[in-house]
Amino acid sequence: GLGKSTLVNSMFLSDIYARENPVTDTVSEQTLRVETHHTSLEENGVKLSLTVVDTPGFGEAVDNSECWEPIVEYIDDQFEKYLEGETRVERVEVPDTRVHACLYFIAPTGHGLKPLDVEVMRRIHNKVNIIPVIGKADSCTKREISLFKTKILDQLSAHSIHIYDFPTNELEP
């Protein structure tokens, strides 16, 4: 793989994927599934309920046309559920299951984004913060990563795909 599980587990210093069996929220006729992995984390007395959404099988079919549909549908469904709960006359506490960020893993081929990558990101960039991640980047030289990153950013710009812009200063919102 591209090191998705390893990165997520390293980010949260926890084995997110081993905590429980994944819940399959959406099943497509294709092999793509949308799985959620829930865990609770605590650091310095701050509790965080984390849900990692995984899409095993994404982009692996012979015909990948419209394989993004279950992903877009899942993102939209979570937003609708939250909005519905927040706009009720008698509001109750609504768990926030919206997708806040998408770590979009890109294979380190050096060739840039595949048409499928462009299409999926084009469909979700206005719905969720996209954070492109070059998978298995440790297998490349710094120069290769730099060139690949530039190529990807140029492609994203050419297709008007917005990605999350990390603050350059800790005091920035």
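Residues numbered from 1 in each chain as written. Predicted model: local features only at pLDDT ≥ 70, side-chain atom pairs only at ≥ 80, totals over all residues. Heavy atoms only, no water.

### Structural notes on the pairing of strand E2 (residues 33-43)
Okay, so step 1: Bridging between E2 and strand E3 (residues 46-54) involves nine bridges; their strand directions are antiparallel. Among the inter-strand pairings, Thr-39 is bridged to a residue of E3, identified as Leu-50.
Okay, so step 2: The antiparallel pairing of E2 with E3 creates a hairpin that spans two residues between the two strands, and Asn-44 there sits at a positive phi of about 50°. (Pairing = 2+ DSSP bridges. Helix = DSSP H or I, 4+ residues; strand = E, 2+ residues; numbered from the N terminus.)

### Observations concerning the nonpolar core
If you look at soluble globular proteins, the nonpolar side chains tend to sit buried side by side.
Okay, so step 1: Ranked by size, the top nonpolar core spans 26 residues in total, and within it Phe-58, Tyr-104 and Ile-124 carry the most contacts.
Okay, so step 2: Counting only elements with at least two residues in this core, the list comes to helix H2 (69-86), strand E4 (101-106), helix H3 (115-124), strand E5 (129-134) and helix H4 (142-158).
Okay, so step 3: A per-element tally of this core places H3 first, with five residues.
Okay, so step 4: Once residues within four sequence positions are removed from consideration, Phe-58 is found in contact with Leu-32, Cys-67, Ile-71, Tyr-104, Leu-116 and Val-120.
Okay, so step 5: Ranked by size, the runner-up nonpolar core spans six residues in total, among them Ile-16, Tyr-17, Leu-41 and Val-52. (Core = buried A, V, L, I, M, F, W, Y, C linked by side-chain atoms within 4.5 Å. Buried < 20%, exposed > 50% of the residue type's maximum accessible area, 1.4 Å probe, protein only. Contact = heavy atoms within 4.5 Å.)

### Some thoughts on the packing of aromatic side chains
Okay, so step 1: Counted under the stated rule, the structure contains one aromatic pair.
Okay, so step 2: Summarising the aromatic geometry, the rings of Tyr-164 and Phe-166 are spaced 4.7 Å apart at their centres and angled 90° between planes, so their arrangement reads as edge-to-face.
Okay, so step 3: Across the ring face of Tyr-82, the terminal group of Arg-98 is positioned such that the distance to the ring centre comes to 3.9 Å. (Phe/Tyr/Trp six-rings, centres within 6.5 Å; stacked < 30°, edge-to-face > 60°. Lys NZ or Arg CZ within 6 Å of the ring centre and 35° of its normal.)

### Details of the environment of Leu-116
Okay, so step 1: Relative to the helices and strands, Leu-116 is located in helix H3.
Okay, so step 2: Look at Leu-116 and you get buried, because its relative accessible area is 15%.
Okay, so step 3: A sequence separation of 57 residues divides Leu-116 from Gly-59, and the C-alpha atoms of the two residues are 7.5 Å apart.

### Digging into the environment of Ile-163
Okay, so step 1: Turning to its location among the elements, Ile-163 is positioned in the segment after H4.
Okay, so step 2: In sequence terms Ile-163 and Pro-132 are 31 residues apart; their C-alpha atoms lie 7.5 Å from each other.
Okay, so step 3: If sequence neighbours within four positions are ignored, Ile-163 has contacts with Ile-130, Pro-132, Leu-153 and Leu-156.

### Examining a nonpolar patch on the surface
Okay, so step 1: Residues Leu-7, Met-11 and Leu-103 make up a contiguous nonpolar surface patch of about 220 Å² in total accessible area.
Okay, so step 2: Structurally, the position occupied by Met-11 is in helix H1 (residues 4-12). (Patch = residues over 30% accessible without salt bridge, like charges linked within 9 Å, V, L, I, M, F, W, Y side chains within 5 Å. Areas by Shrake-Rupley, 256 points an atom, 1.4 Å probe, with all protein chains shown as cover. Salt bridge = Lys/Arg side-chain N within 4 Å of Asp/Glu carboxyl O.)

### As for the pattern of salt bridges
Okay, so step 1: Applying the stated criterion to the full structure yields six salt bridges.
Okay, so step 2: A salt bridge links Arg-88 to Glu-84; its shortest N-O distance comes to 3.5 Å.
Okay, so step 3: Across the pair Asp-96 and Arg-98 runs a salt bridge whose closest N-O atoms are separated by 2.8 Å.
Okay, so step 4: The partly exposed category is assigned to Asp-96, whose relative accessible area is 36%.
Okay, so step 5: What emerges from the salt-bridge pattern is a single network uniting Glu-119, Arg-122 and Arg-123.

Geometry only, nothing functional implied.
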